[in-house]
Amino acid sequence: MKKIFLILAFVAGVTAANAQEVETNETQTVVTSPSTGDYFQGYTRPLTFNRMIPPYALEVTFNKTVHVIFPSAIRYVDLGSADLLAAKADGTENVLRVKAALRDFSRESNLSVITEDGAYYTFNVKYADEPVKLSIEMTDFLHDGEAVNRPNNALAIYMEELGQESPLLVKLIMQSIFKNNDREIKHIGSKRFGIQHTLKGIYTHNGLLYFHLQLKNSSNVPFNVDYITFKIVDKKVAKRTAIQEQVIWPLRAHNNLTVIGGRRTERAVFTLEKFTIPDDKMLVIELNEQNGGRHQRFEVENADLVRARVINELKVK
């Protein structure tokens, strides 16, 4: 009888100890410490706040559309959740329309946009019954010179078509060429019907070519630009021979011409991928007038192209 009592007491003691251990484990599971973000036990470096690009605050609603206007064409949009709807406004490249996909969503979301000039924009988005700001103009706050608006060594965003060149640097180079307004070439151009279209300079930098064009309208009738094309064609085409043309599309344009008023002179800078011209071909630059016949056309030889001025000699401001 004494042995049975001792065995029962031992079992009861073990059961009580196990129960206490389970209770202790449950207590330890409930008590948690704040996360430090160190998920790899000391093998990672925490992100500091000077690495962060501060987001803008954006309010959206279900019954109204918020329009955000960017200084350059939109290339990429990412929505943080299905609570948001966003798309480029029809017929535009730099206007984004945003609205709520459902009423009164409670969780804050975010929105990120990358534009053609390599600028990155980020927004924290929340729902509001009546947003105060429905039409918003943005600037490139990543590169606006304010240290509080970007990391200390902010990285440029690269585009596939520009290769190893930063879109921001391409933009600055075109602005510098336009501002300096040097005349490097004096023998290439065309003049008809009171319109003079000339090539002022060819520049090169890091695998890209820059063409500086000028259009002077000496007439009183405005010149509406339909399109400007760059194409490589055969110098001499025999009769009954198909014409071989290779169109080269500009990658970027600064002050892209649309209308040249009467008695006015306008200029533009175009960025193209680097190319050369075979001996039996030439580059033709054509300017066509919309609903008119004052078209302009001139040729560029390979000898002119290979003498392109290296952009390192220019002072980019």
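First, a word on scope: everything that follows refers to the structure included in this document. Since the structure is predicted, the reported quantities are computational estimates derived from the model, not experimental observations.

**Section: the overall build of the chain**
- The helix and strand tally for the chain stands at three helices and 19 strands.
- Expressed as a percentage of the 317 residues in the chain, the buried residues total 36%.
- For the chain, the proportion of contacts with a sequence separation of at least 24, taken over those separated by at least 6, is 65%.
- Of the roughly 20000 Å² of accessible surface on the chain, 52% is carried by carbon and sulfur atoms.

**Quick word on the packing of aromatic side chains**
- Within this structure, the stated rule accounts for six aromatic pairs.
- Between tyrosine 56 and phenylalanine 123, the aromatic rings sit 6.2 Å apart at their centres with planes inclined by 35°, giving tilted as the arrangement. Taken together, the positions of tyrosine 56 in strand E1 (residues 56-60) and phenylalanine 123 in strand E7 (residues 120-127) put the pair 67 residues apart, joining distant regions of the chain.
- Aromatic pair phenylalanine 105 and tyrosine 127: ring centres 5.5 Å apart, planes at 75°, arrangement edge-to-face.

**Focus on the side chain of aspartate 234**
- Among the secondary structure elements, aspartate 234 is positioned in strand E12 (residues 223-234).
- A polar atom in the side chain of aspartate 234 sits 2.3 Å from the side chain of lysine 281.
- Contact partners of aspartate 234, with chain neighbours within four places excluded, come to Gln244, Asp280, Lys281 and Met282.

Criteria and thresholds
- Residues numbered from 1 in each chain as written.
- Predicted model: local features only at pLDDT ≥ 70, side-chain atom pairs only at ≥ 80, totals over all residues.
- Heavy atoms only, no water.
- Helix = DSSP H or I, 4+ residues; strand = E, 2+ residues; numbered from the N terminus.
- Buried < 20%, exposed > 50% of the residue type's maximum accessible area, 1.4 Å probe, protein only.
- Contact = heavy atoms within 4.5 Å.
- Areas by Shrake-Rupley, 256 points an atom, 1.4 Å probe, with all protein chains shown as cover.
- Phe/Tyr/Trp six-rings, centres within 6.5 Å; stacked < 30°, edge-to-face > 60°.
- Polar contact = N/O pair within 3.5 Å; in protein donor to acceptor, adjacent residues only side chain to side chain.

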